[in-house]
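Read off the chains here:
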Amino acid sequence: RLLIIDFGSQVTQLIARRLRELKVYCEIHPFNKVDAAFLKDFAPRAVIFSGGPASVYAEGAPMPPAGVFDLGVPILGICYGQQVMMHCLGGHVEGGHGTAEFGRAYVTPTAERLPLLDGWFESGTEQVWMSHGDHVSKIAPGFQVFGTSPNAPFAITADPSRNFYAVQFHPEVHHTPKGAKLYENFVKLAGFKGDWTMASYREDAIAKIREQVGDKKVICALSGGVDSSVAAILIHEAIGAQLTCVFVDHGLLRLNEAQEVVKMFREAYNLPLIHADESDLFLGALEGVSDPEVKRKTIGKLFIDVFDKHAKAIGGAEFLAQGTLYPDVIESVSFAGGPSVTIKSHHNVGGLPEKMGMKLVEPLRELFKDEVRALGRELGLPEHFIRRHPFPGPGLAIRCPGEITREKLDILRHADAVYIDQIRKHGLYDEIWQAFAAILPMRTVGVMGDGRTYDFAVGLRAVTSVDGMTADYYPFTHEFMGETVTRIINEVKGVNRVFYDCTSKPPGTIELE
Ligand code: XMP
């Protein structure tokens, strides 16, 4: 496996993505958590130093761990990683006025060939993406220059005898079109075969779960989302009846969702599943509540209580299974410090392990979202299930601004079902990152037949996004909009008006609350 030492770059995760695409297993660890003992234990076959915002001359500048240059394995330094490598190995870095460079640059090769650059420079120069304040002004002994750009005379440097490579630009970003090729060459030089597949991940994960859990019981909160579903199926494959899943039905699910999830997991997967129908409890507690944060906290707390109750009822379990993903695990390296503002208190089962004194089983900790989907396919989950849009833990509660009533939830469920049906019929479901209906906290006047109506308004939302952090509204055609609005008003009793939300994120958020 390959070790990525993170010096705090915004794009460190992309390095991992590029390597995983090459079927090479890698892990990101922050520079301040990697010491000599860690290196010995991890035994990397190759190491990459990420970029980072610091200057090697700043006080407390991040440094690589002692002994990393003596491991005898290939090392690739990127941007700050290059600078810190030169600094440690006897070169020189300069900062200050006029050395910063951001954006597109063109690198030209020098006379010498370097296997790291196989496939590069076929048409003379290569476009790369630069983003740096300081730059290397003298390379370390043993290093040679293999590529230069007008502002970076040491754009590509290497000491081929030691397999040390250092580049000033970011090969992991899309604006360095041949970047993936550079990584491919690097992992080849390091002797990786590129044989890390989901089938091998599945086997390893099952062995690890068995080793961790032994003959103890595991309990899992199954939401019906892809992550918890894949985790549950994998654990079930490993330990069978030692696993119990609890599906907490808070009465805020979509039309027929509870029945579908329960049926699929009981029938197709034979999972031991408790269907905890607690809608009266949740909807009772939410009566009269209209503040979004109070709603979220009420649901979060009840969720933990209900889960706890069922966990006790099955005679106690020592382990709690969670579908935690890699992006949640990677510790970010922060120099600026300072807490960020809470926009929304996210509902998750994060409070459970502390409250229940349980140990965690997290078989997806090493995976990115699309890899979890690939694992889901490997485990035979149906494609329509794997491709489902994300659904928030607090469910329809946050799509019903203002007070929640059963009447409103029923209207919302039906409007949402018609809307999603339209999207599927028009073949747009997979193009859209997330789509849903919301019920707005108002009634408006309309006319239907010859009569006056005074009914609810529905808001429709559909966004494109990569990770939910930013989003843009989906540009439906007028024909689609017209047909959908007509269908919702005709088919859903209690609705006489429909709005489409064209707000991006930021300034909006995806959900309404
Ligand atoms: P926002 O509304 O914050 O949503 O732009 C971003 C993404 O997160 C989902 N979301 C949640 N997911 N628990 C979850 O598991 C939550 O409490 C929660 N709140 C929002 C939302 O559906 C969108 O995909």
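The structure displayed is predicted, hence computed values, not measured ones.

**Q** Help me understand the nonpolar core in this model?
**A** Note that soluble globular proteins tend to have their nonpolar side chains buried in a common cluster. Ranked by size, the top nonpolar core spans 78 residues in total, and within it Val-218, Cys-220, Ile-235, Cys-245, Ala-321, Ala-415 and Val-458 carry the most contacts. By residue number, the principal contributor to this core is helix α6 (residues 226–239), which donates nine residues. Looking at which domains feed residues into this core, each of domain 2 (198–386) and domain 3 (405–500) supplies at least three. If near-sequence neighbours (up to four positions away) are discounted, Val-458 is found in contact with Ala-415, Ala-437, Ala-438, Ile-439, Leu-440, Ile-488, Val-495 and Val-498.

**Q** Help me understand the UniProt feature "binding site: ATP" (unreviewed entry) in the chain in this model?
**A** Those places that UniProt annotates as "binding site: ATP" (unreviewed entry) correspond, in this numbering, to Ser-223, Gly-224, Gly-225, Val-226, Asp-227, Ser-228 and Ser-229. Apart from residues lying up to four places away in sequence, Gly-224 is in contact with Ser-229, Phe-247, Glu-257 and Val-261. Not counting chain neighbours up to four residues away, the residues in contact with Val-226 comprise Val-372, Arg-373, Gly-376, Ile-386 and Arg-388.

**Q** Explain the pairing of strand β10 (residues 152–159) here, please?
**A** A large share of β10 lies buried, amounting to six of its eight residues. Both strand β9 (residues 144–149) and β10 contribute to a ladder of four bridges, which runs antiparallel. Within the sheet, the bridge partner assigned to Val-145 lies in β10 and is Thr-157. In this structure, β10 lies alongside strand β11 (residues 164–167), joined through four bridges in antiparallel fashion. Across the sheet, Ala-158 pairs through a bridge with Tyr-165, a residue of β11. In sequence, β10 turns back onto β11 through a hairpin of four residues, with Asn-163 there showing a positive phi of about 60°.

**Q** Mind showing me how you'd approach the sheet that holds strand β16 (residues 359–361) here?
**A** Sheet strands pair by backbone hydrogen bonding; their relative direction is either parallel or antiparallel. Strand order in the open sheet made by the five strands is β14-β13-β12-β15-β16, with parallel pairing throughout. Only two strands of the sheet have a single neighbouring strand rather than two, namely β14 (273–277) and β16. Each adjacent strand pair in this sheet contributes to an overall mean axis angle of 30°, direction not counted. In this structure, strand β13 (residues 243–249) lies alongside β14, joined through five bridges in parallel fashion. Paired with Asp-249 across the two strands is Asp-277, which belongs to β14. Along the sheet face, α6 touches β12 (218–221), β13, β15 (319–321) and β16 and points at about 160° away from the line of β12.

**Q** Explanation requested: the sheet that holds strand β2 (residues 26–30) in the structure shown.
**A** Strands sit in the order β2-β1-β3-β4-β11-β10-β9-β6-β7 across an open sheet of nine strands; the sheet is mixed. Edge strands, defined here as strands with exactly one partner in the open sheet, are β2 and β7 (126–132). In this sheet, neighbouring strand axes are inclined to one another by 25° on average, regardless of whether the strands run parallel or antiparallel. On top of the sheet, helix α3 (residues 80–89) reaches β3 (46–49), β4 (75–78) and β11; it is set at about 115° to β4, its chief contact.

**Q** So what exactly am I meant to see when it comes to helix α4 (residues 179–189) here?
**A** Spacing of three or four residues puts side chains on the same side of an α-helix, whose turn is 3.6 residues. The set of residues buried in α4 consists of Gly-179, Leu-182, Tyr-183, Glu-184, Phe-186 and Val-187. Buried residues along α4 sit against α1 (12–21), β3, β4 and β11. Backbone geometry just after α4 places Gly-191 at a positive phi near 90°.

**Q** Would you mind going over the UniProt feature "active site" (unreviewed entry) in the chain with me for this structure?
**A** In the numbering used here, UniProt assigns the "active site" (unreviewed entry) feature to Cys-79, His-170 and Glu-172. Considering the C-alpha atoms alone, the annotated residues occupy 94 residues of sequence yet fold into one spot, their largest mutual distance being 11.2 Å. Looking at where Cys-79 falls in the secondary structure, it is placed in the loop between β4 and α3. For Cys-79, a count of 28 C-beta atoms within 10 Å gives the class buried. Here Cys-79 is in contact with Ser-9, Gly-51, Ser-131, His-132, Gln-168 and His-170, once residues within four sequence places are set aside.

Criteria and thresholds
Residues numbered from 1 in each chain as written. Predicted model: local features only at pLDDT ≥ 70, side-chain atom pairs only at ≥ 80, totals over all residues. Core = buried A, V, L, I, M, F, W, Y, C linked by C-beta atoms within 7 Å. Buried ≥ 20, exposed ≤ 12 C-beta atoms within 10 Å, placed from the backbone. Helix = DSSP H or I, 4+ residues; strand = E, 2+ residues; numbered from the N terminus. Domains from an automatic or database assignment. Contact = placed C-beta atoms within 7 Å. UniProt positions renumbered as here; feature names shortened; annotations may be inferred. Pairing = 2+ DSSP bridges. Axes fitted to C-alpha atoms, helices over the stretch in contact; angles between N-to-C directions.

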